[in-house]
Amino acid sequence: MTQQPGSSTAADPDQPVDGPSTGETAPSTGETVAPAGPPGLAPAAVVLALVALGWLAAMLWSTRAAITSAQAGVTAVSLSAYALPGVISAALVAGGGVALAVTNLLARRGVDRATLRFVTATGAGLLVGLLTAVSINLFYADNATTNVIAGTTAAAAVVGGALAGARHTPAVGAVVTAALAVLVFVVAFSRVRDPLFGLYGGDGTQEAMVDAARWVSRTESLLVGLVAGVVAFGYLRLARRRTLRRDPDAPAERWPAYLVAGAGPGLLLLLTEVILRIGGRSLLDLAAALSEADAVAQTTLGTSRIDNGIWVLFVGALTALIAFGRTLGPARADDEDDADPADD
């Protein structure tokens, strides 16, 4: 049958109708346009979930040990307020890690409904939060701080799960991986705080001690931001290579994915502070009411955590973008070499 100009092949009943996998035909060029596929997969999602859960368990155990070893209730309250930010951060990452593994499973089964992904991810975070809250109530001493720690930690896990319900699974995996690396690095950095404090002149006058503490904090924030950006970039590159193995024609990641992945750990640190000041407000107020020195300490620690989160956000985002930009140079040079001068 002869086709007339402008006629549609879909209108001819004798022509076969292609399935959804063949894509749509562009009206102007007649070229086949590939349909939008399911979101990419996050590499090692199950491993990330297990490591994040292990880190949360370690933080809960260390917090319980510190509170149990306290000789007086006043000391227990102060230690609980000091340890709660670390527990909240670990719960955010654990909820996100488990939700990432679950949504990865949905993607493997071809499920690509945004609402279902979000509900499933939130449910996974809720499960982590409930299990964590039950564990705290079972194994922690029954005091004024137990319910606050349990409730705030559970809420953080739910929030982490909900955030992991985003469609761009590789970027979520990069944020979870980089955030986990940041939390581990902060604990490792605590080993060198005292030597750095002395190196910056912290053994002199009170003013020198304050300046040294500020420089130590800035150094830590800068290094944490670099770790966040490098790990996030490396994870996205790994995800890209695995995607190309499945689909060599898959489009490359755009720079916003690297920006979000690098800034993600800093955003989680700031989100930790928000959850702490909302859910853990009663514990912070109780700790600040112990003495004037405790009130000053809680205010100083809160300000330091906010500053650290902002530094990690910007340094991590900038590091990831610079690393991504360096990968564009050779590609552009190759494109210029392959260009035909006659086309100009």
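Model, not experiment: these values are computed from the prediction.

1. Side note on the overall build of the protein
Helix and strand counts for the protein come out as 10 helices and 2 strands. Taken from the N to the C terminus, the helices and strands of the protein come in the order β-β-α-α-α-α-α-α-α-α-α-α. The buried share of the protein, taken over its 344 residues, is 38%. At a minimum sequence separation of 6, the contacts of the protein that also span at least 24 residues come to 78%. Accessible surface for the protein amounts to roughly 19100 Å². Of this, 63% is attributable to carbon and sulfur atoms.

2. Considering the side chain of Asn-308
Tracing the backbone through its elements, the reader meets Asn-308 in helix α10 (residues 292-338). Among the polar contacts listed, one links the side chain of Asn-308 to the side chain of Ser-221, at a separation of 2.7 Å.

3. Topic: the packing of helix α5 (residues 169-189) against helix α8 (residues 255-279)
Two elements in contact, α5 and α8, have axes whose closest approach is 8 Å; the angle formed by their N-to-C orientations is 50°. By the criterion of interaxial angle, the relationship of α5 to α8 is oblique. As α5 runs across α8, the sense of the crossing is right-handed. When α5 is examined against α8, the residues Ala-171, Ala-174, Val-175, Ala-178, Ala-179 and Val-182 are found in contact with a partner set consisting of Val-260, Ala-261, Gly-264, Pro-265 and Leu-268.

4. Considering the packing of aromatic side chains
Ring pairs (aromatic) are described by centroid distance and by the angle formed between their planes. For the coordinates displayed, the defined rule picks out 3 aromatic pairs. Taking 5.8 Å as the distance between ring centres and 40° as the angle between the ring planes, the aromatic pair formed by Phe-233 and Tyr-258 counts as tilted. In this pair, Phe-233 sits in helix α7 (residues 206-246) while Tyr-258 sits in helix α8, placing the two residues 25 residues apart along the sequence. Summarising the aromatic geometry, the rings of Tyr-258 and Phe-324 are spaced 4.4 Å apart at their centres and angled 20° between planes, so their arrangement reads as stacked.

5. Quick look at the UniProt feature "transmembrane region" (unreviewed entry) in the protein
UniProt tags residues 41-62, 82-106, 118-140, 146-164, 171-192, 212-236, 257-276 and 309-328 as "transmembrane region" (unreviewed entry). Secondary structure content for residues 146-164 is 95% helix and 0% strand, while the C-alpha to C-alpha distance between its ends is 27 Å. Split by type, residues 212-236 is 100% helix and 0% strand. Its first and last C-alpha atoms lie 36 Å apart.

6. Brief notes about the confidence of the model for the protein
Looking at the protein as a whole, its pLDDT mean stands at 82, while 81% of the residues score no less than 70. Contacts of residues 1-39 to residues separated by more than four positions or lying in other chains number 27 contacts, the stretch itself having pLDDT below 50.

7. Focus on the pattern of salt bridges
Counting across every chain of the model gives 5 salt bridges. The shortest N-O distance in the salt bridge between Arg-305 and Glu-273 comes to 2.7 Å. Within this pair, whereas Arg-305 is found in helix α10, its partner Glu-273 is found in helix α8, the two being separated by 32 residues in sequence. Since its relative accessible area comes to 22%, Arg-305 is described here as partly exposed.

8. So, the nonpolar core
Generally speaking, nonpolar side chains in soluble globular proteins are found buried as a group. Core analysis: the largest hydrophobic core is formed by 61 residues, its most contacted members being Leu-56 and Val-93. Broken down by element, the residue count for this core peaks at 15 residues, all from helix α2 (residues 73-108).

9. Overview of the environment of Ala-164
Positionally, Ala-164 belongs in the loop between α4 (146-163) and α5. In contact with Ala-164, other than residues within four places in its own chain, are Gly-96, Ala-99, Leu-100, Thr-103, Ala-121 and Val-172.

10. Digging into a positive patch on the surface
Positive charge collects at one region of the surface, where Arg-108, Arg-241, Arg-242, Arg-245 and Arg-246 lie side by side. Summarising the element assignment, Arg-242 is placed in helix α7. Under the relative-accessibility criterion, Arg-242 is labelled partly exposed at 38%.

11. A few points about a nonpolar patch on the surface
A cluster of nonpolar side chains, namely Leu-222, Leu-223, Leu-226 and Trp-311, defines an oily patch on the protein surface of about 310 Å² accessible area. In terms of residue count, the dominant contributor to the nonpolar patch is α7 (3 residues). With respect to the element layout, Leu-223 can be found in helix α7.

12. Some points on the environment of Ala-166
Along the chain, the position of Ala-166 falls in the loop between α4 and α5. With 45 residues separating them in the primary sequence, Ala-166 and Ala-121 have C-alpha atoms 8.9 Å apart. Sequence-distant contacts of Ala-166, that is, excluding residues within four places in its chain, are made with Arg-117 and Val-172.

13. Considering the side chain of Ser-80
Within the secondary structure layout, Ser-80 lies in helix α2. In this structure Ser-80 comes out as buried when scored by relative accessible area, which is 1%. Of the polar contacts made by the side chain of Ser-80, one reaches the side chain of Thr-145; its length is 3.5 Å. Setting aside its immediate chain neighbours within four residues, Ser-80 contacts Ile-67, Thr-145, Ile-149 and Leu-283.

14. What to know about α5
Helical geometry: 3.6 residues make up each α-helical turn, so side chains three or four residues apart lie on a common side. In this model α5 runs 30 Å from its N-terminal to its C-terminal C-alpha over 21 residues, within 8% of the 30 Å that 1.5 Å per residue would give. Burial analysis of α5 places 15 of its 21 residues in the buried class, which makes it a mostly covered element.

Each value, and the rule that gives it
Residues numbered from 1 in each chain as written. Predicted model: local features only at pLDDT ≥ 70, side-chain atom pairs only at ≥ 80, totals over all residues. Heavy atoms only, no water. Helix = DSSP H or I, 4+ residues; strand = E, 2+ residues; numbered from the N terminus. Buried < 20%, exposed > 50% of the residue type's maximum accessible area, 1.4 Å probe, protein only. Contact = heavy atoms within 4.5 Å. Areas by Shrake-Rupley, 256 points an atom, 1.4 Å probe, with all protein chains shown as cover. Polar contact = N/O pair within 3.5 Å; in protein donor to acceptor, adjacent residues only side chain to side chain. Axes fitted to C-alpha atoms, helices over the stretch in contact; angles between N-to-C directions. Parallel < 35°, antiparallel > 145°, perpendicular 65-115°, else oblique. Left-handed = near helix turned anticlockwise from the far one by under 90°. Phe/Tyr/Trp six-rings, centres within 6.5 Å; stacked < 30°, edge-to-face > 60°. UniProt positions renumbered as here; feature names shortened; annotations may be inferred. pLDDT = per-residue confidence, 0-100. Salt bridge = Lys/Arg side-chain N within 4 Å of Asp/Glu carboxyl O. Core = buried A, V, L, I, M, F, W, Y, C linked by side-chain atoms within 4.5 Å. Patch = residues over 30% accessible without salt bridge, like charges linked within 9 Å, V, L, I, M, F, W, Y side chains within 5 Å. Lys, Arg positive; Asp, Glu negative; His and termini not counted. Charge placed at Lys NZ, Arg CZ, Asp CG, Glu CD. Expected span 1.5 Å × (residues − 1).

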